[in-house]
Amino acid sequence: MTPREGLVDHADAVEWLSECSPESARLIVFDPPYAVGTPVRGREDGAAGSVFGPLSFMSRTLRECARILTPGGVVMIFADWRRMTDLAYIASTVGLRPSTCVAWVRNRPGTGGMFRSSWDPILLVSRGVHDAVDRAAIRNVVEADYPTKRRHPYEKPAKVFEHVFPRVCRPGDLVLDPFAGSAISRTVALSLGLRWLGCDIDPEWAES
């Protein structure tokens, strides 16, 4: 499938990314539905000896991201503390450079045993040295609660994207989201004068 600008294509992320032009995107949103189960060991061991999902899929997807990024472009990886080590390692093996991490903090905590979950890391990796558009000093923390009623189970608040996109992108730059879901990243990208391409494997969220 040829990616269609401004629409959520119904496609598998790896196949869809393989159709995107090389060195075309300034920023890629990486937010797959991670599987978080009992850690296992074996052939698919991650950097820390644990598997949080099919690491071969993550490797193939991030390799495509590295091919598509412009020099200095950034992948915005949503993760949590269980996944950060492996994702940073996988990114480095495909030629992406860990640049920084943003803490996404929520006032309404989620579930948890010893502590209730109220923040997640967002890892930023780049192709070469990242090209920061705005170098004014701002905190690497964004405070944003989930919407009270989410349309999509993994929907992120717009404020998270609004915190990162202007630091990386200039008007007219291309943003890709291969796990688009309800396409909140599109809403933010278009409001900032950016171009947007996205897909989702779930036909419920695809657009004709």
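Scope of this entry: the structure provided in the associated data block.

Definitions and limits used
- For every chain, the first residue of the written sequence is number 1, and numbering continues from 1 onward in sequence order.
- Reporting in this predicted model follows two pLDDT cut-offs: at least 70 for local features of residues, and 80 or more for side-chain atom pairs to be given and counted; totals over whole chains, interfaces and linings ignore these cut-offs and use all residues.
- To obtain the side-chain values, all non-hydrogen atoms of the structure were used and water was disregarded.
- Here a strand pair is declared whenever DSSP counts at least two bridges between the two strands.
- Counting from the N terminus, the helices are DSSP H or I runs at least four residues long and the strands are E runs at least two residues long.
- Each helix should span, by expectation, one fewer than its residue count multiplied by 1.5 Å.
- In this scheme, a residue with accessible area under 20% of its type's maximum is buried, one over 50% is exposed, and one in between is partly exposed, where area comes from a 1.4 Å probe on protein chains only.
- A contact between two residues is defined here by any heavy atoms of the two lying within 4.5 Å.
- Starting at the helix axis, one direction is taken to each C-beta atom, and the arc is that of these directions.
- A carboxyl oxygen of Asp or Glu within 4 Å of a side-chain nitrogen of Lys or Arg is what we treat as a salt bridge.
- Paired rings are identified among Phe, Tyr and Trp, the last through its six-membered ring, by centres lying within 6.5 Å, and are further divided according to the angle between planes into stacked (under 30 degrees), edge-to-face (over 60) and tilted (the rest).
- Remark: a charge is flagged as sitting over a ring if the NZ atom of Lys or the CZ atom of Arg is within 6 Å of the ring centre and within 35 degrees of the ring normal.

### A few points about the pairing of strand β4 (residues 97–105)
- For β4 and strand β5 (residues 119–126), the ladder comprises eight bridges, and the chain directions are antiparallel. Directly across from tryptophan 104, in β5, lies its bridge partner aspartate 120.
- Of the strand pairs in this sheet, β4 and strand β6 (residues 141–143) are connected by three bridges, and their pairing is parallel. By the bridge assignment for β6, tryptophan 104 is matched with valine 142.

### Notes on helix α2 (residues 55–68)
- The terminal C-alpha atoms of α2, which comprises 14 residues, lie 20 Å apart, in line with the 20 Å expected from a rise of 1.5 Å per residue.
- Extensive coverage of α2 is indicated by the burial of 10 of its 14 residues.
- Those residues of α2 lying buried are Leu55, Phe57, Met58, Ser59, Thr61, Leu62, Glu64, Cys65, Ala66 and Ile68.
- Where α2 is buried, its residues touch α1 (13–18), β2 (25–30), β3 (69–78), α3 (84–93) and β7 (174–177).

### With respect to helix α4 (residues 158–168)
- Those residues of α4 that fall on the buried side of the exposure criterion are Val160, Phe161, Val164, Phe165 and Val168. Here the buried residues of α4 occupy an arc of 105 degrees about the axis, which is enough to place them on one side.

### As for the pattern of salt bridges
- In the structure shown here, the tally under the stated rule is 14 salt bridges.
- A salt bridge links aspartate 9 to arginine 4, with the nearest nitrogen and oxygen atoms 2.5 Å apart.
- Residue aspartate 9 is classed as buried on the basis of its relative accessible area, which comes to 0%.
- One salt bridge in this structure joins glutamate 5 and arginine 195, with 3.4 Å as the shortest N-O distance.

### Looking at the packing of aromatic side chains
- Tallied over the entire structure, the rule returns six aromatic pairs.
- Each ring, one from phenylalanine 30 and one from phenylalanine 179, has its centre 5.6 Å from the other, and the planes form 85 degrees; the classification is edge-to-face. Placement of phenylalanine 30 in strand β2 and of phenylalanine 179 in the loop between β7 and α5 (184–191) is noted, with a sequence separation of 149 residues between them.
- Judged by relative accessible area, phenylalanine 30 falls into the buried class, the value being 0%.
- Seen in terms of ring centroids, phenylalanine 161 and phenylalanine 165 are 5.4 Å apart; in terms of plane orientation they differ by 50 degrees. Their pairing is tilted. On the criterion of helical spacing, the pair formed by phenylalanine 161 and phenylalanine 165 is a turn pair, its members being four residues apart in helix α4. You'll find phenylalanine 161 and phenylalanine 165 in the same group, each marked buried.
- Counting every residue linked through ring pairs, the aromatic cluster contains Phe78, Trp104, Tyr146, Phe161 and Phe165.
- The ring of phenylalanine 78 is capped by lysine 156, whose NZ or CZ atom sits 5.2 Å from the centre of that ring.

Read these as spatial facts, not as claims about activity.
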